[in-house]
Amino acid sequence: MKKILKLAVYSIVAMVALSSCSDSDDYPSQKDIETKIIGKWKEIVNDGMEVLTNDRLVKTFITKQEGTYSTSRCFEGEHVWQNKLMFKYEVKENNLYESFVYEDEPSKIKSKITSIDENKLCENDYEYLIDGEYVPVKMSNTFQKVTVDYSKDIIGMWEGVEMTGEETFGDINHRIEYKADGTYTYYDKDGDSWKPSTDVDNEYNIDGDWLTSRWRVMPGADYDYESWDIIQMKNGIMKWSGLREKTDHTRYTATFTWKKVQ
């Protein structure tokens, strides 16, 4: 399989929603789709299972021709990091045609929109353009509408307050300073003071209510990645939730609470 197909399948494929899509042939009209598709949509469930928070995709239809993708996920040892990557799209009847360029490689995807309303967008019958021909990939995917945007509210310094679930990359004895340029500084608690960590290339992407970060432990090292759903940001308190999976494939939900500090 070509790299371009791998990236297309991994980066753009969304998942089946908490309430599954109908198999009805009563498809929405082109006008109905064009009217309702504008906005931000986040994947939730795949094949009846909720999508791990680290594997989410956020797709935003900005105009009737353009949108953005945000994702951070690993596929066959290759990590795909898309920070609001621009794509173009077109709706014909109930077919959705998307095209984008990732790492200098163009890709085109066709799918069928089976239903759409104010909260849910369902797609299936994917096809990927390879060597001039569309290759079918059987999938049924659903996106959930996102109506919040925390990209400005997150700017500033946050201190850990409470954590539940298994620890992955850090506990509550940390601070994070999110900056407007898309970078952040991670602080370790050192006695009564805070010391910047030695991590480098700290970058984050917040798209709606989905937050993903990457960093290196030293220059030239591989990136580490972690993502969270922001379930609350109010009165200086930010709460995260993340669905994780252990090596034995059992799942658990971790939560993290932060308070904003001066």
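See above for the structure.
Only a predicted model underlies this, so the values are computations on that prediction, with no experimental measurement involved.

1. Comments concerning the sheet that holds strand 10 (residues 133-146)
One closed barrel accounts for eight strands, arranged 1-4-5-6-7-8-9-10; its pairing is antiparallel. Within this sheet the neighbouring strands show an average axis-to-axis angle of 35°, counted without direction. For strand 4 (residues 57-61) and strand 5 (residues 66-75), the ladder comprises five bridges, and the chain directions are antiparallel. Bridge pairing in strand 5 places Val-58 opposite Ser-70.

2. Considering unusual backbone geometry
Note: most peptide bonds trans; most residues except glycine with negative phi. At Asp-104, a position not held by glycine, the phi torsion is positive, near 70°. For Asp-104, the location among the structural elements is in the loop between strand 7 (95-102) and strand 8 (105-116). Although it is not a glycine, Asp-201 adopts a positive phi angle of roughly 55°. For Asp-201, the position within the fold is in strand 15 (residues 200-207).

3. So, the side chain of Asn-94
Among the secondary structure elements, Asn-94 is positioned in the loop between strand 6 (78-92) and strand 7. Residue class for Asn-94 comes out buried when judged on its relative accessible area of 9%. With near-sequence residues (within four places) excluded, Asn-94 lies in contact with Tyr-27, Pro-28, Ile-33, Ser-111, Lys-112 and Ile-113.

Definitions and limits used
- Residues numbered from 1 in each chain as written.
- Predicted model: local features only at pLDDT ≥ 70, side-chain atom pairs only at ≥ 80, totals over all residues.
- Heavy atoms only, no water.
- Pairing = 2+ DSSP bridges.
- Helix = DSSP H or I, 4+ residues; strand = E, 2+ residues; numbered from the N terminus.
- Axes fitted to C-alpha atoms, helices over the stretch in contact; angles between N-to-C directions.
- Buried < 20%, exposed > 50% of the residue type's maximum accessible area, 1.4 Å probe, protein only.
- Contact = heavy atoms within 4.5 Å.

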